[in-house]
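In case you want the letters, here they are:
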Amino acid sequence: MLSLVLANVASAGFTPPSISDAHLPEILPWGAEYGTGFGKQMLMVILSIVLISGFFMLAMRKPKLVPGKTQWLAESGYSFVRNSIAKDILGEKDFKAWVPLLFGLFFFVLVNNIFGAIPLLQLPSFSHAGAAYALALIVYVIWIGVGIRHHGPKYFKLAVVPSGVPGWILPLLVPLEVISNFIVRPLTHSLRLMATMLAGHMIVMLAGTGAAYLIMESGSLFLQGAGVLAIIGSVALYFLELLIMYLQAFVFTLLTAIYVQGAIAANDH
Amino acid sequence: MISSALILGAAEGANPLVPNPWEMLVVAVGFAVLMFIVIKFIVPALEKSYQDRVEAIEGGLAKAEKAQAEANAMMADYEQQLADARHEANRIREEARTEGAQIVAEAKERAQAEANRITEQAHTQIAADRAQAATQLRTEVGTLATTLAGKIVGESLDDDARSQRVVDRFLADLDKHQNAGVSE
């Protein structure tokens, strides 16, 4: 349907943005021909690290008992991850050790997502699969490591053989559990983030370029009006995108907490 | 036409599912650096601030509780002291009353004793005086009678005038004697 509409417009000379446009030209083009250059997206990842560390260290440089605005903001963000994600999912007993990881993940993903909503930067880092894969892979290694540390090699059996299930169904259930826990889980964990960010990015790009084309090049009053509507619509989309950016950071962190909790408590499910 | 271009683009290496290894490396290393900073500096600072606040609040509460307890103890102490003082005052008043009554009783007793003693002494004195007077009278009456008899016998008894004179003389002597006896 979308492609049909696009095809109609395109026949009038409009070239919609493609996914390749989400990959901006490399800044340091070493090995650029293999797609391995150092691009804007990587700079933004580094920028996000500088921003997060800088903000929190500045906010907590001279902590006061009655916090100022900056300290309050930092502490609210921290206590959101600490209490609403770590404590609620992992429980009072174990959560303290996992606060740093969840905190780091949440703000790393959140800031990189919000880059997509900031003019000039205008690119969510996790719209690139590599970034999402890397982060999901780190989490994958961590929760499997946690499972092995808590339960030894027996962990793999605990993770794939559900207790309290009749024996004859196990040949069916165990492969399913293996696929869902060890193969699909990291894929969905990363692709959920990547796909939502990429889609959001594409929609904003499409709305922007489409509206610009309709207003500047169509030459028809009706289509120019439609272009203005598209701009108004894109503002609504922008706010929807902001919500999704925040939501995806939250979901990514929440799922990490759930995976870790599952690994810690593998013997009672 | 455009959909074929999209597919073509994807086939040409823009497949969004194919990662750029450098991106993965940058994200992994970057995240590791971030985690280092988070674990080393950010979370400890935030936890410390959190802990400090908890301690400040709980410390304040504990301090207030302590002050309250102290005030309560002090009040109880004061009340105890007040009750003690009241009790003491009552005791002293009671004691004073008892003592007063005792003093009065003693004084009464002493006065009674004194009166008795004085009465007794007076009685004794009177008895002694009487005894002395009786003894003296007895000896003197004898002496007087003898003297008088001697006088009477020594003089002529038929001469009334003489007799009268003897009696007068006797009486005068008696008076004289009496006076001398008293003055003695």
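Residues numbered from 1 in each chain as written. Chains lettered and ligands numbered in written order. Predicted model: local features only at pLDDT ≥ 70, side-chain atom pairs only at ≥ 80, totals over all residues. Heavy atoms only, no water.

## A few points about the environment of Ile42(B)
Point 1. When you line up the elements, Ile42(B) lands in helix α2 (residues 21-154).
Point 2. What Ile42(B) contacts, discounting residues up to four positions off in sequence, is Ile52(A), Ser53(A), Phe56(A), Met57(A), Phe103(A) and Ile37(B). (Helix = DSSP H or I, 4+ residues; strand = E, 2+ residues; numbered from the N terminus. Contact = heavy atoms within 4.5 Å.)

## Overview of a nonpolar patch on the surface
Residues and elements named next belong to chain A.
Point 1. Taken together, the side chains of Val178, Ile179, Ile183, Val184 and Leu187 make up a nonpolar region of the molecular surface, amounting to roughly 370 Å² of accessible area.
Point 2. In this structure, Val184 sits in helix α6 (residues 170-217).
Point 3. Its relative accessible area of 34% is what places Val184 among the partly exposed residues. (Patch = residues over 30% accessible without salt bridge, like charges linked within 9 Å, V, L, I, M, F, W, Y side chains within 5 Å. Areas by Shrake-Rupley, 256 points an atom, 1.4 Å probe, with all protein chains shown as cover. Salt bridge = Lys/Arg side-chain N within 4 Å of Asp/Glu carboxyl O. Buried < 20%, exposed > 50% of the residue type's maximum accessible area, 1.4 Å probe, protein only.)

## What to know about the interface of chain A and chain B
Point 1. Counting from both sides, the interface comprises 49 residues of chain A and, opposite them, 34 residues of chain B.
Point 2. Across the interface of chain A and chain B, roughly 3,600 Å² is buried in total on both sides, 77% from carbon and sulfur atoms.
Point 3. The largest per-residue losses of area from chain A upon contact with chain B belong to Met42(A), Leu65(A) and Tyr78(A), which jointly make up 14% of the total buried on that side.
Point 4. The interface formed by chain A and chain B contains 2 salt bridges.
Point 5. For Glu75(A), the salt bridge goes to Arg53(B), with nearest N and O atoms at 2.7 Å.
Point 6. At the surface where chain A touches chain B, the tally comes to 7 residue pairs in polar contact (both at pLDDT 80 or more). (Buried area = accessible area lost by both parts, 1.4 Å probe. Polar contact = N/O pair within 3.5 Å; in protein donor to acceptor, adjacent residues only side chain to side chain.)

## Quick look at the confidence of the model for chain A
Detail in the predicted coordinates should be disregarded across regions flagged by low pLDDT.
All names here are of chain A.
Point 1. Put simply, chain A has an average pLDDT of 83, and 86% of its residues get 70 or more.
Point 2. Confidence, expressed as mean pLDDT per element, reaches its minimum in chain A at helix α1 (residues 2-11) with 43 and its maximum at helix α4 (residues 129-151) with 92.
Point 3. Ignoring residues within four places in sequence, the model shows residues 1-11, a span with pLDDT below 50, making 9 contacts including any to other chains.
Point 4. The low-confidence segment residues 28-35 (pLDDT under 50) makes 9 contacts with residues lying over four places distant or belonging to another chain. (pLDDT = per-residue confidence, 0-100.)

## Notes on the packing of helix α3 (residues 69-114) of chain A against helix α7 (residues 221-264) of chain A
All names here are of chain A.
Point 1. Taken N-terminus to C-terminus, the directions of α3 and α7 make an angle of 145°; their axes are 8 Å apart at the nearest point. Judged by the sense of rotation from one axis to the other, the crossing of α3 with α7 is right-handed.
Point 2. Here the residues of the contact of α3 with α7 are counted per class, giving 22 nonpolar, 5 polar and 1 charged. (Axes fitted to C-alpha atoms, helices over the stretch in contact; angles between N-to-C directions. Left-handed = near helix turned anticlockwise from the far one by under 90°. Nonpolar A, V, L, I, M, F, W, Y, C, P; charged D, E, K, R; others polar.)

## Notes on the UniProt feature "transmembrane region" (unreviewed entry) in chain A
All names here are of chain A.
Point 1. Per the UniProt annotation, the sites labelled "transmembrane region" (unreviewed entry) are residues 38-59, 97-118, 130-148, 155-174, 194-214, 221-240 and 246-266.
Point 2. Overall, residues 194-214 shows 100% helix and 0% strand. The separation of its end C-alpha atoms is 29 Å.
Point 3. Summarising residues 221-240: 100% helix, 0% strand, and an end-to-end C-alpha distance of 29 Å. (UniProt positions renumbered as here; feature names shortened; annotations may be inferred.)

## Details of the UniProt feature "transmembrane region" (unreviewed entry) in chain B
Point 1. The residues that UniProt annotates with the feature "transmembrane region" (unreviewed entry) are residues 23-43 of chain B.
Point 2. Helix makes up 100% of residues 23-43 of chain B and strand makes up 0%, while its end C-alpha atoms are separated by 27 Å.

## A look at the side chain of His151(A)
Residue and element names in this part refer to chain A.
Point 1. Here His151 is to be found in helix α4.
Point 2. Using a relative accessible area of 14% as the deciding quantity, one classes His151 as buried.
Point 3. Reaching out from His151, the side chain makes a polar contact with the backbone oxygen of Ala263 at a distance of 3.2 Å.
Point 4. With sequence-adjacent residues up to four places away left out, His151 is seen in contact with Leu158, Ala263, Ile264, Ala265, Ala266 and Asn267.

## Overview of α3(A)
Point 1. Given a rise of 1.5 Å per residue, 46 residues ought to cover 68 Å, yet the end C-alpha atoms of α3(A) are separated by just 21 Å, more than 12% below that figure.
Point 2. Along α3(A), the largest kink reaches about 130° and is centred on Gly91(A). (Expected span 1.5 Å × (residues − 1). Bend = angle between axes of the 7 residues up to and from the residue.)

## Side note on the confidence of the model for chain B
Residue and element names in this part refer to chain B.
Point 1. Of the residues in chain B, 84% have a pLDDT of 70 or more, and the chain-wide mean is 81.
Point 2. Confidence, expressed as mean pLDDT per element, reaches its minimum in chain B at helix α1 (residues 2-14) with 43 and its maximum at α2 with 88.
Point 3. Across residues 1-13, where pLDDT falls below 50, the model places 9 contacts with residues more than four positions away in sequence or in other chains.
Point 4. For this predicted complex, the interface score ipTM comes out at 0.81, alongside a pTM of 0.67.

## Observations regarding the nonpolar core
Point 1. Ranked by internal contacts, the top residues of the largest apolar core, which has 69 residues, are Phe103(A), Phe108(A), Phe126(A), Leu135(A) and Trp143(A).
Point 2. Taken together, the elements giving at least two residues each to this core come down to α2 (40-59), α3, α4, α5 (154-160), α6 and α7 of chain A together with α2 of chain B.
Point 3. At 18 residues, α3(A) tops the list of elements feeding residues into this core.
Point 4. In this structure Phe103(A) touches Phe56(A), Tyr78(A), Val81(A), Val38(B), Ile42(B), Val43(B) and Leu46(B), once residues within four positions along its chain are discounted. (Core = buried A, V, L, I, M, F, W, Y, C linked by side-chain atoms within 4.5 Å.)

## Quick notes on the pattern of salt bridges
All names here are of chain B.
Point 1. What the rule picks out here adds up to 9 salt bridges over all chains.
Point 2. Between Lys48 and Asp52 there is a salt bridge, with the nearest N and O atoms lying 3.0 Å from each other. With Lys48 and Asp52 both in helix α2 and 4 residues apart, the pair spans about one turn of that helix.
Point 3. Assessed through its relative accessible area of 29%, Asp52 is described here as partly exposed.
Point 4. Among the salt bridges present, the one from Glu88 reaches Arg91, with a minimum N-O distance of 3.0 Å. Within this pair, Glu88 and its partner Arg91 are both found in helix α2, separated by 3 residues, close to a single helical turn.
Point 5. Linked through salt bridges whose partners overlap, the residues forming this network are Glu88, Arg91 and Glu95.

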